[in-house]
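# Close look at the chain arrangement
This is what each chain is made of:
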Amino acid sequence: MVKYIEQEIFPSNNIIYLYLVYGINILFPIALLLYLIPIVGENGYGTIIYYQTLGSIILAITDFGYELKGIQFIASDKSEESKKSFISSIIIFKSIIAFLSLALLTLIDGVSLILIGSSWVFLYSIFIPNWYYIGTSQYLKLFYLTVLSKIGCLPVIYFLIIDSDDIQFVPLTILVTTAAASLLSLKKLQISNFLYKVNLKDVVLEFFSTPKYSLPSLAMLMLKASPKIILGRFIGYESVTQYDIAEKFMNILKVPNQLYTKHIIQKVSKKFDFKYVRTKGYMSLLMNTLLIIIFNLLLFDLIGLLKLNVEDDGVKLIRLLSINVLFVLGTNIITQQIFLPQNRFNDFKNSNLVGISVFLILIILFYANNILSIISIGTIVIISEILVVLSGILILYRQ
């Protein structure tokens with residue numbers, strides 16, 4: 001009976017497990033936020049998020065170009081042995097890059113338990129490669145590993161964290177459960193059987209031969225993580241907490257965009273249809289506008305329901321970043337749904353470079369004039385996103 005249920009009702013390749021993984025990845029940080037802020041305070045929570053953001057910078061570097069290439073390789077007609085050798089090489093190379101980056105960070109920021117614990121952010125990506133499990137339709141395994149890594153730590157955090165003096169135990173606890181899930185993942189991948197076929201030379205060449213259009217994309221990912229680092233460095237960890245609350249609301253609002261973008265890319269990857277993308281884009285913009293209006297009307301009710309201590313500037317930032325969701329959607333439509341399916345890599349690169357340049361210039365100007373704040377940084381984020389959209393539109397109509 002159990003075997004029948006596993007094979008027929010809930011097979012391991014059931015897409016439901018993949019959606020559950022997405023759900024956990026969205027709800028896990030929100031659960032931590034709601035539980036930790038009343039216990040460790042805004043300063044303590046902001047400290048945790050600051051170091052976690054440093055870990056996400058390393059994640060952006062180690063993931064550079066490999067997720068897309070990995071999926072393409074797994075989807076190819078290569079032998080199982082070739083695939084296992086490929087993933088073994090990638091895991092070893094990414095591990096070397098990650099730990100070198102972590103060593104550099106310790107030299108810059110100093111050695112601390114909270115920084116070491118925050119390495120769970122990139123360890124999860126390296127040793128539990130979602131692209132591999134998704135590419136091979138092993139959704140159930142990915143679900144189990146994600147539950148062990150992210151849900152498994154919650155009971156321990158509940159009993160360990162008593163006050164703000166215990167903040168280092170939060171990332172360390174997640175690191176322990178992530179390490180356990182990583183070991184289980186390596187066992188399932190049978191990496192040890194293919195270590196003798198590891199070819200780091202090819203992986204290094206792949207890293208440096210990544211298309212140039214990926215460089216601006218990598219820079220944009222790092223810049224989008226930078227506001228919390230800038231706030232933590234120059235203003236204070238309380239401001240990191242306020243920005244993180246606003247960003248989590250924005251991430252929830254972006255979920256329809258992400259699902260929509262993946263759907264459109266699948267539709268137009270074989271045969272591009274500009275009218276189809278444009279029509280669906282208008283519909284998505286309209287639906288997202290209505291969603292954002294409703295969200296802003298209910299914002300104070302949501303804040304009260306979640307018992308969040310959001311300052312006036314924090315509320316303004318939430319509203320700013322919620323509006324930015326529309327411009328993020330515009331960026332996705334132009335760059336990912338129009339430029340990339342048509343192999344217009346230079347146009348993709350140029351539109352992103354506009355946003356990167358403006359972001360850096362404005363940050364330097366605001367810092368030089370001593371007017372950095374959560375509102376000013378939120379404004380810079382939305383201006384840079386608007387300019388990416390506008391430059392993309394100009395490129396489209398110019399050609």
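Since this is a predicted model, take the numbers as computed values, not measurements.

Parameters at a glance
For every chain, the first residue of its written sequence is number 1, and the numbers climb from 1 along that sequence. Local features in this predicted model are restricted to residues whose pLDDT is 70 or higher, and side-chain atom pairs enter the listing and the counts only when it is 80 or higher, whereas totals over whole chains, interfaces and linings include all residues. In computing side-chain properties, one takes all heavy atoms of the structure into account and sets aside hydrogens as well as water. Secondary structure is summarised from DSSP: a helix means a run of H or I of at least four residues, a strand means a run of E of at least two, and numbering begins at the N terminus for each. Categorising residues by exposure relies on relative accessible area from a 1.4 Å probe, with only protein chains included: less than 20% of the type maximum marks a residue as buried, more than 50% marks it as exposed, and the intermediate range marks it as partly exposed. In this analysis, two residues are considered to be in contact whenever any of their non-hydrogen atoms come within 4.5 Å of each other. We get accessible surface area from the Shrake-Rupley algorithm with a probe of 1.4 Å; when it comes to residues, only the shown protein chains can shield them. Under the pairing criterion, centres of Phe, Tyr and Trp rings, with the six-membered ring standing for Trp, must be within 6.5 Å; the plane angle then separates stacked pairs below 30 degrees from edge-to-face pairs above 60, leaving the rest tilted. Here, a charge over a ring means that NZ of Lys or CZ of Arg falls within 6 Å of the ring centre while also lying within 35 degrees of the ring normal. To count toward a patch, a residue needs a relative accessible area above 30% and no salt bridge. Like charges then connect within 9 Å, nonpolar side chains (Val, Leu, Ile, Met, Phe, Trp, Tyr) within 5 Å. A carboxyl oxygen of Asp or Glu within 4 Å of a side-chain nitrogen of Lys or Arg is what we treat as a salt bridge. Throughout, the protein atoms alone are placed on a 1 Å grid, and a set of points is a cavity if a 1.4 Å probe fits but cannot get out or a pocket if it is open with protein on both sides within 12 Å along at least five of seven lines; lining residues have an atom within 4 Å of a point. Grid points are joined across faces, edges and corners, and a volume is the space filled by probe spheres set on the points. Residues were grouped as follows: Ala, Val, Leu, Ile, Met, Phe, Trp, Tyr, Cys and Pro as nonpolar; Asp, Glu, Lys and Arg as charged; and all remaining residues, including Gly, as polar. Think of a nonpolar core as a cluster: buried Ala, Val, Leu, Ile, Met, Phe, Trp, Tyr and Cys residues, connected wherever their side-chain atoms sit within 4.5 Å. Asp and Glu are treated as the negative residues and Lys and Arg as the positive ones, with His and the ends of the chain left uncounted. Lysine's charge is taken at NZ, arginine's at CZ, aspartate's at CG and glutamate's at CD.

### Concerning the overall build of the protein
Check the secondary structure of the protein and you find 18 helices and 0 strands. For the protein, the residues scored as buried account for 48% of the 399 residues in total. Taking as baseline every contact in the protein between residues at least 6 positions apart, the subset at least 24 positions apart corresponds to 81%. Of the roughly 20,000 Å² of accessible surface on the protein, a fraction of 66% belongs to carbon and sulfur atoms.

### Focus on the packing of aromatic side chains
Scanning all chains against the criterion turns up 12 aromatic pairs. Geometrically, the ring pair formed by Tyr17 and Phe143 is tilted, given 5.8 Å between the ring centres and 40° between the ring planes. Residue Tyr17 is located in helix H2 (residues 15-62), and its partner Phe143 is located in helix H8 (residues 139-151); the two are separated by 126 residues in the primary sequence. One exposure class covers both Tyr17 and Phe143, and it is buried. An aromatic cluster of at least three residues, connected via ring pairs, comprises Tyr17, Phe143 and Tyr144. A cation over an aromatic ring shows up here: Lys150 above the ring of Tyr124, its NZ or CZ 4.5 Å from the ring centre.

### Side note on a nonpolar patch on the surface
On the surface, Leu286, Leu290, Ile293, Ile294, Leu297 and Leu298 cluster together into a nonpolar patch covering about 610 Å² of accessible area. Position of Leu290 among the secondary structure elements: in helix H14 (residues 274-297). On the accessibility criterion, Leu290 (49% relative accessible area) is partly exposed.

### As for the layout of surface pockets
In this structure, the second largest pocket encloses a volume near 400 Å³. What lines the second largest pocket is a set of 16 residues, among which Tyr282, Leu285, Ile333, Ile334 and Ile393 lie closest to the centre. Elements with a contribution of two residues or more to the lining of the second largest pocket: H14, helix H16 (312-339) and helix H18 (374-398). Residue composition of the lining of the second largest pocket, grouped by class: 13 nonpolar, 2 polar and 1 charged.

### Digging into the nonpolar core
Core analysis: the largest hydrophobic core is formed by 87 residues, its most contacted members being Leu36, Ile157, Ile174, Ile245, Ile318 and Ile377. It is H2 that provides the largest number of residues to this core, a total of 18 residues. Not counting the four nearest positions on each side in its chain, Ile174 is found in contact with Phe28, Leu32, Trp120, Ser149, Cys153 and Ile157.

### Brief notes about a negative patch on the surface
Together, Glu238, Glu311, Asp312 and Asp313 line one region of the surface with negative charge. Within the element layout of this structure, Glu238 appears in helix H13 (residues 237-268).

### Considerations on unusual backbone geometry
Leaving glycine aside, a negative phi is the common case for residues, and trans is the common case for peptide bonds. The phi dihedral of Lys307 is positive, around 55°, even though this residue is not glycine. Tracing the backbone shows Lys307 in the loop between helix H15 (299-306) and H16.

These values are about where atoms sit, not about what they do.
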